[in-house]
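# Close look at the chain arrangement
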Amino acid sequence: MAYLFSELVRAIRLRPETYIYSTNSTAGPPTFDGLCNFLMGAALADADQPLLGFEEWLGEKYGVSNPFVWPLFVHRLFRGVDGVKPEAEVSSQTDLAFDLLDEFLLERSSDVS
C-alpha cells in the first residue's frame, strides 16, 4: 500500500507512541532522537526520497551555510545556539521538528505540482 511521507509525519505527530518505542523507563512519549531515527529510516526506505534537500532548505531558511544533519540543526535551533532561533515559540524540539517538516513537505509538494 502506497503512502505519502507527509501523511506518516502527520500520523506520528498525533500519536507518536503508536509508531515509536520509548526507551524511557516511565514509558512516556518517544524521545526526540527516537523520532528522528524513525523518520530518517522511513525516508530512506521511500523511493521518493522525501527528505532530500531538507538540510539545504533549513540552511536557506535560517541563513546558515552548514546546517549539519537536520536533527542536530533542529536541536541547535531549539536551544538558540549561534543566535539562530525558531520564528515562533515552540514547546519542544519535537514540535519544532514537526513544524519544519510540515513546512518543507508542503513547499516540496507545491513545487512538484
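Just so we're clear, the structure is a prediction, and the values are computed from it rather than from any experiment.

To continue, consider the pattern of salt bridges. Working definition: two side chains of opposite charge can pair if their charged atoms are close together. The full count for this structure, using the stated rule, is four salt bridges. The partner of Lys61 in a salt bridge is Glu103, and the shortest N-O contact between them spans 2.9 Å. With Lys61 in helix H4 (residues 54-62) and Glu103 in helix H6 (residues 93-112), this pair connects stretches of sequence that are 42 residues apart. Where salt bridges share partners, they join Arg13, Asp99 and Asp102 into one cluster.

In this section: the nonpolar core. Formed by 29 residues in total, the largest nonpolar core has its most connected members in Phe5, Leu39, Phe54, Leu58, Trp70 and Leu100. Among the elements that line this core, the one with the most residues is H6, at seven residues. With sequence-adjacent residues up to four places away left out, Phe5 is seen in contact with Leu39, Ala42, Ala43, Asp46, Pro50, Leu51 and Leu105.

Centre-to-centre distance and the angle between the planes together describe a pair of aromatic rings. In the structure shown here, the tally under the stated rule is six aromatic pairs. Taken together, a centroid distance of 5.5 Å and an interplanar angle of 65° make the contact between Phe54 and Trp70 edge-to-face. Placement of the pair is Phe54 in helix H4 and Trp70 in helix H5 (residues 70-79), with a sequence separation of 16 residues. Exposure class is identical for Phe54 and Trp70. Each is buried. Linked through ring pairs, Phe54, Trp57, Trp70 and Phe104 together constitute an aromatic cluster.

Thresholds applied
Going along each chain's sequence as written, the residues are numbered from 1 onward. pLDDT decides what is reported in this predicted model: residues at 70 or higher carry local features, side-chain atom pairs at 80 or more are listed and counted, and totals for whole chains, interfaces and linings draw on all residues regardless. Neither water nor hydrogens contribute to the side-chain values; these are computed over all heavy atoms in the structure. For this document, the term salt bridge refers to a Lys or Arg side-chain nitrogen within 4 Å of an Asp or Glu carboxyl oxygen. Put simply, DSSP marks the helices as runs of H or I at least four residues long and the strands as runs of E at least two long, and each gets a number from the N terminus on. Take the buried residues of types Ala, Val, Leu, Ile, Met, Phe, Trp, Tyr and Cys, join any two whose side-chain atoms come within 4.5 Å, and each joined set is a nonpolar core. Buried residues are those whose accessible area, probed at 1.4 Å on protein chains only, stays under 20% of the maximum for their type, while exposed residues exceed 50% and partly exposed ones sit between those limits. For this analysis, residues touch if any pair of their heavy atoms sits within 4.5 Å. Here a pair means two rings of Phe, Tyr or Trp (six-membered ring of Trp) with centres within 6.5 Å. Their orientation is stacked below 30 degrees between planes, edge-to-face above 60, and tilted elsewhere.

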